[in-house]
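These are the residues of each chain, in order.
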Amino acid sequence: LGLDLYVSQVQNTTLKSPKVSKNIPTVAQVTQGEVILFAARAIQIMTTAEPNLFVLLEGRAQTVNYVPTPHRFCLVLSDDTLIGKRRAAQR
């Protein structure tokens, strides 16, 4: 795309543009595995070094299920339509 920007400067402008947003699924598809493996390894390193450390990893169940843990919590909404309303409000 030829962009050289700081995310903090364009998170609500350029990154929301069709030129960028249409490519997000493609980028996510090819990088998501590497990202979650990196996160899982980092969590393992941190908790091995500090046994009393608790790490909270937030994300979609399909993604965070790849992180091995004896503890797993799933937060759910009482009203499933809230997700759609939130997404609509962001546009």
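Caption draft 1: Summary view of the overall build of the chain. For the chain, the helix and strand inventory stands at five helices and zero strands. Structurally, the chain occupies a C-alpha span of about 45 × 40 × 25 Å along its principal axes. Just so you have it, the chain exposes about 8,500 Å², and 59% of that area is on carbon and sulfur atoms. The positive charge centre, built from 10 side chains, and the negative charge centre, built from 6, are 8 Å apart in the chain.

Caption draft 2: The arrangement of the layout of surface pockets in detail. Of the voids in this model, the largest pocket is the one considered here, and its volume is about 1,100 Å³. Residue lining of the largest pocket: 28 residues in total, with L56, L57, E58, V64 and F73 positioned closest to the centre. In terms of residue count, the dominant contributor to the lining of the largest pocket is helix α4 (residues 61–64) (three residues). Split by residue class, the lining of the largest pocket holds 17 nonpolar, six polar and five charged. As a volume, the second largest pocket reaches approximately 480 Å³.

Caption draft 3: Main features of helix α3 (residues 24–49). Look at α3: 35 Å from first C-alpha to last across 26 residues, which is about the 38 Å you get at 1.5 Å a residue. T31 marks where α3 bends most, by close to 50 degrees. For α3, the full list of buried residues reads I36, A39, A40 and I43. Close packing links the buried residues of α3 with α4.

Cut-offs applied
- Residues numbered from 1 in each chain as written.
- Predicted model: local features only at pLDDT ≥ 70, side-chain atom pairs only at ≥ 80, totals over all residues.
- Heavy atoms only, no water.
- Helix = DSSP H or I, 4+ residues; strand = E, 2+ residues; numbered from the N terminus.
- Areas by Shrake-Rupley, 256 points an atom, 1.4 Å probe, with all protein chains shown as cover.
- Lys, Arg positive; Asp, Glu negative; His and termini not counted.
- Charge placed at Lys NZ, Arg CZ, Asp CG, Glu CD.
- 1 Å grid on protein atoms, 1.4 Å probe; cavity = no way out; pocket = protein on both sides within 12 Å on 5 of 7 lines; lining within 4 Å.
- Points joined across faces, edges and corners; volume = space filled by probe spheres on them.
- Nonpolar A, V, L, I, M, F, W, Y, C, P; charged D, E, K, R; others polar.
- Expected span 1.5 Å × (residues − 1).
- Bend = angle between axes of the 7 residues up to and from the residue.
- Buried < 20%, exposed > 50% of the residue type's maximum accessible area, 1.4 Å probe, protein only.
- Contact = heavy atoms within 4.5 Å.

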